[in-house]
Amino acid sequence: MTRAYKGFTPRMGVYRVTHVPSGRTLLGHSTHVEGLLNRFRFQLTHGSHANRAMQRDWQATGPDSFTFEVLDDLTPTTPGEEPVDDLKELLSLWQEKLNIPPGLQY
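Residues numbered from 1 in each chain as written. Predicted model: local features only at pLDDT ≥ 70, side-chain atom pairs only at ≥ 80, totals over all residues. Heavy atoms only, no water.

S.K.: Would you mind going over the nonpolar core with me for this structure?
M.R.: The nonpolar side chains of a soluble globular protein tend to be buried, and buried together. In this structure, Y15, V17, L26, F40, M54, F66 and F68 are the most contacted members of the largest nonpolar core, which totals 13 residues. Among the elements that make up this core, the one with the highest residue count is helix α1 (residues 33–45) (five residues). Among residues more than four places away in sequence, those in contact with M54 are V17, L26, L44, H49, F66 and Y106. If you look at the next biggest cluster of nonpolar residues, it comprises ten residues, including M12, V14, L71 and L74. (Core = buried A, V, L, I, M, F, W, Y, C linked by side-chain atoms within 4.5 Å. Buried < 20%, exposed > 50% of the residue type's maximum accessible area, 1.4 Å probe, protein only. Helix = DSSP H or I, 4+ residues; strand = E, 2+ residues; numbered from the N terminus. Contact = heavy atoms within 4.5 Å.)

S.K.: What exactly am I supposed to notice about a negative patch on the surface here?
M.R.: Together, D85, D86, E89 and E96 make up a region of like negative charge exposed at the surface. Inspection of the secondary structure puts D85 in helix α3 (residues 84–98). The exposure class assigned to D85 is exposed, which follows from its relative accessible area of 60%. (Patch = residues over 30% accessible without salt bridge, like charges linked within 9 Å, V, L, I, M, F, W, Y side chains within 5 Å. Areas by Shrake-Rupley, 256 points an atom, 1.4 Å probe, with all protein chains shown as cover. Salt bridge = Lys/Arg side-chain N within 4 Å of Asp/Glu carboxyl O. Lys, Arg positive; Asp, Glu negative; His and termini not counted. Charge placed at Lys NZ, Arg CZ, Asp CG, Glu CD.)

S.K.: Sorry, what's going on with the pairing of strand β2 (residues 24–30) here?
M.R.: Put simply, side chains in a regular strand alternate between the two faces of the sheet. Burial analysis of β2 places five of its seven residues in the buried class, the great majority of the element. Across seven bridges, strand β1 (residues 12–19) lies against β2 in antiparallel orientation. Residue pairing in the sheet places Y15 in a bridge with G28 of β2. The loop that links β1 with its antiparallel partner β2 comprises four residues; one of these, G23, has a positive phi angle of about 80 degrees. (Pairing = 2+ DSSP bridges.)

Below you can see the structure in the form of structure tokens.
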């Protein structure tokens, strides 16, 4: 089990979580985007997500009313590198592109 993870490179990128009925959206970036989205699902399912508004929406309308997606990937130029500044810039570009009004942001 020493994995497969010794050769494992997590997917880095920009993600979006959307509550479809309201249109409220959370945009973010991560050096392990799929792991983060799985953590969000787990926390929401167990009532422990830090974003209380998102947690209320999850409890009111259920998991089928949410979408979890990776909007963009970032491949590091050097293996093992975690290009956080590049991820922040990529997130900024997506925020600009999507132009989500403040009332629709988590």
